[in-house]
Amino acid sequence: MIKTFFNNARIFDGGTGQELINRGLQPYKNLWSATALLDVKYHKTIVDIHVDFIKSGAEIILTNTFGSRKRRLFENNLLDKFKDLNVTAAKLAQNAVKKSNKKVLIAGSIPPQNFTYQSDLGNDLNFIKNSFYEQASYLDPFVDFFYLEVMCSKKECELAMEALKPLNKNVIVGLHLKNKGLLPSGEKFIDVAKYLSKFNLLGITTSCVNPEQYDFIKKDISKLSIPYGFKFNAFEQIPEGWK
């Protein structure tokens, strides 16, 4: 059923991290939205945001796991919380769907496992690949598919897809665009998208992009043989500690 779900136009949710800040979250360093997972007093706020997005028409909600990646937790001496924070986020998303009493899919949000918006993966590719797998494995029992967010290069996508393969779960890949339809790596959107098409994805989207970037890829993206879409960026506050 999920394979045909995206044959029609569907609506994702909005930016949970931004909305948490709008509702009073004070992010701790670069943990950003993961701060709300650490502090139980924000758990109801996370559920409320999910529910409000659903009430607004979202047919898919993303787990609040963009900030609970392994590297950020390591940087903040919270690596022992890696599994707990991701499982908590997934369960809160499930609670929201149940509370909404609507048929809504849950996507496991899996962000870059190095730094955001950068194509430089550093030297330890095994760390990145293993981190993709670990975070996905914690989310796996609770979500309908994985959403790889803000992927910045073909190599990063390749590492992620290889890491997720053992879990045998459907995937949508979100590619970040930096300038004139190019990824931060300098690669063309359409070239990376065509490469990804061989993985039998649910779809490909842009991810966290300036709306103007659409104009540079609208002709190419419509030629893809798989569903495609867009997640735009309304981000307003750069968290302390972001590279």
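Structural notes, computed from the coordinates.

Conventions used here
- Think of each chain on its own: its residues are numbered from 1, step by step along the sequence as written.
- Per-residue local features of the predicted model are confined to residues with pLDDT of at least 70, and side-chain atom pairs are confined, for both listing and counting, to 80 or more; whole-chain, interface and lining totals are unaffected and use all residues.
- Each side-chain value is worked out from all heavy atoms of the structure, with water and hydrogens disregarded.
- Lining residues are defined by having an atom within 4 Å of a point belonging to a cavity or pocket. Those points lie on a 1 Å grid over the protein atoms alone, cavities being sets where a 1.4 Å probe fits but cannot get out and pockets being open sets with protein on both sides within 12 Å along at least five of seven lines.
- Grid points are joined across faces, edges and corners, and a volume is the space filled by probe spheres set on the points.
- Three classes are used: nonpolar for Ala, Val, Leu, Ile, Met, Phe, Trp, Tyr, Cys and Pro, charged for Asp, Glu, Lys and Arg, and polar for all others, with Gly counted as polar.
- For the purposes of this section, nonpolar cores are sets of buried Ala, Val, Leu, Ile, Met, Phe, Trp, Tyr and Cys residues that join through side-chain atoms within 4.5 Å.
- Only protein chains enter the accessibility calculation, which uses a 1.4 Å probe; a residue whose area is less than 20% of its type maximum is buried, one above 50% is exposed, and one in between is partly exposed.
- Every helix listed is a DSSP run of H or I at least four residues long, and every strand listed is a run of E at least two residues long, numbered separately from the N terminus.
- For this analysis, residues touch if any pair of their heavy atoms sits within 4.5 Å.
- Whether two strands pair comes down to DSSP finding at least two bridges between them.
- Axis lines are fitted through C-alpha atoms, for helices just across the contact stretch, and the angle between N-to-C directions can take any value from 0 to 180 degrees.
- When an angle is under 35 degrees it counts as roughly parallel; over 145 it counts as roughly antiparallel; between 65 and 115 it counts as roughly perpendicular; any other value is oblique.
- Crossing handedness: left-handed means the near helix sits turned counterclockwise from the far one by under a right angle, and right-handed means the same turn made clockwise.
- The path from the first strand over the helix to the second decides the hand: if it runs clockwise while the strands point away from the viewer, the crossover is right-handed.
- Just to be clear on terms, a salt bridge is a Lys or Arg side-chain nitrogen sitting within 4 Å of an Asp or Glu carboxyl oxygen.

1. A look at the layout of surface pockets
In this structure, the second largest pocket spans a volume of roughly 260 Å³. Per-class residue counts for the lining of the second largest pocket are five nonpolar, three polar and three charged.

2. What to know about the nonpolar core
In this structure, Leu148, Val173, Leu175 and Leu196 are the most contacted members of the largest nonpolar core, which totals 65 residues. No other element matches helix α6 (residues 82-100), which puts nine residues into this core. Setting aside its immediate chain neighbours within four residues, leucine 148 contacts Ile110, Phe132, Ala160, Met161, Leu164, Val171, Ile172, Val173 and Gly174. Listed in part, the twelve residues of the second largest apolar core include Ile2, Phe12, Phe145 and Tyr147.

3. A closer look at the pairing of strand β2 (residues 105-110)
Here β2 lies mainly inside the structure; six of its six residues are buried. Sheet topology note: the strand β1 (residues 60-62)/β2 ladder contains three bridges and is parallel. Residue leucine 62 lies in a different strand from β2, and its bridge partner there is alanine 107. Here four bridges tie β2 to strand β3 (residues 145-151), and the two strands are oriented parallel to one another.

4. Details of the packing of helix α7 (residues 125-139) against helix α8 (residues 154-164)
With their axes 8 Å apart at the nearest point, α7 and α8 run at an angle of 50° to one another. As far as their axial angle goes, α8 and α7 are oblique. Every pair of crossing elements has a handedness; the one defined by α7 and α8 is right-handed. Residues Leu125, Ile128, Lys129, Phe132, Tyr133 and Ala136 of α7 lie in contact with α8, whose contacting residues are Lys155, Glu156, Leu159, Ala160, Glu162, Ala163 and Leu164. Its residues placed into classes, the contact of α7 with α8 shows nine nonpolar, no polar and four charged.

5. Thoughts on the environment of phenylalanine 127
With respect to the element layout, phenylalanine 127 can be found in helix α7. Put simply, phenylalanine 127 and glutamine 213 are 86 residues apart on the chain and 31 Å apart in space, counted from C-alpha to C-alpha. When neighbours within four sequence positions are excluded, phenylalanine 127 is seen to be in contact with Lys70, Arg71 and Gln113.

6. A few points about the pairing of β3
Looking along a regular strand, one sees the side chains alternate between the two faces of the sheet. Burial of β3 is extensive: seven of the seven residues sit out of reach of the surface. Taken together, β2, α7 and β3 form a β-α-β motif whose crossover is right-handed. Alignment of β3 against strand β4 (residues 171-175), held across four bridges, turns out to be parallel. Residue pairing across strands places leucine 148 opposite valine 173, the latter belonging to β4. In this view, the connection linking β3 to its parallel neighbour β4 by way of α8 has right-handed handedness.

7. Brief notes about the pattern of salt bridges
In total, this model carries eleven salt bridges according to the counting rule given. Lysine 99 is the salt-bridge partner of aspartate 48, the closest N and O atoms lying 3.6 Å from each other. Of this pair, aspartate 48 sits in helix α4 (residues 43-55) while lysine 99 sits in helix α6, placing them 51 residues apart in sequence. By relative accessible area, lysine 99 is classed as exposed at 53%. We note a salt bridge from lysine 218 to aspartate 215, for which the minimum N-O separation is 3.8 Å. Linking lysine 218 with aspartate 215, this pair stays in helix α10 (residues 214-221), spanning three residues, or about one helical turn. Assessed through its relative accessible area of 39%, lysine 218 is described here as partly exposed. Each of the salt bridges in this network shares a partner with another, and the network as a whole consists of Glu19, Arg23 and Asp52.

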